[in-house]
Amino acid sequence: MNYGWLAAVLSVCFGAMLIWMFRRHREWIVNFVLRVCMGVTLMYGVNMLPCCSRLGIEVGINPVTAGIAGVLGVPGILVMYGIAVCFS
């Protein structure tokens, strides 16, 4: 079956939602982007610390961890490092 039409409809709906969010909630989007930038910078800095790399406590920097940092902020980053400690 060809589901191309479904993907097109969902893409249009997602685009309309993004436009609506950007017009109505601009400060939320800016806040999210700033949290992502600061979170990725913080994760990179902690991953570069010699004590963390020697112990094997590293959190990978990828879109999922960046999204967690953007939504939850510093507590989300601390939880990710806590999980890394538990499973290392």
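Residues numbered from 1 in each chain as written. Predicted model: local features only at pLDDT ≥ 70, side-chain atom pairs only at ≥ 80, totals over all residues. Heavy atoms only, no water.

(A) Expanded view of the overall build of the chain. Per the secondary structure count, the chain includes five helices and zero strands. Moving toward the C terminus, one meets the helices and strands of the chain in the order α-α-α-α-α. Computed over C-alpha atoms, the radius of gyration of the chain comes to 18 Å, more than 25% over the 12 Å expected from 2.2 N^0.38 for 88 residues, which places it beyond the range of a compact globule. The C-alpha extent of the chain, read off along each of the three principal axes, is 50 × 40 × 20 Å. Taking all 88 residues of the chain together, the buried fraction comes to 20%. If you take every contact in the chain between residues at least 6 apart in sequence, the share linking residues at least 24 apart comes to 54%. Surface accessibility of the chain: about 6,700 Å² in total, with carbon and sulfur atoms responsible for 76%. (Helix = DSSP H or I, 4+ residues; strand = E, 2+ residues; numbered from the N terminus. Rg over C-alpha atoms; globule rule 2.2 N^0.38 Å. Buried < 20%, exposed > 50% of the residue type's maximum accessible area, 1.4 Å probe, protein only. Contact = heavy atoms within 4.5 Å. Areas by Shrake-Rupley, 256 points an atom, 1.4 Å probe, with all protein chains shown as cover.)

(B) Representation of a nonpolar patch on the surface within the structure. The grouping of Y3, W5, L6, V9 and L10 at the surface amounts to a nonpolar patch, some 540 Å² of accessible area in total. Mapped onto the fold, L6 is located in helix 1 (residues 4-24). (Patch = residues over 30% accessible without salt bridge, like charges linked within 9 Å, V, L, I, M, F, W, Y side chains within 5 Å. Salt bridge = Lys/Arg side-chain N within 4 Å of Asp/Glu carboxyl O.)

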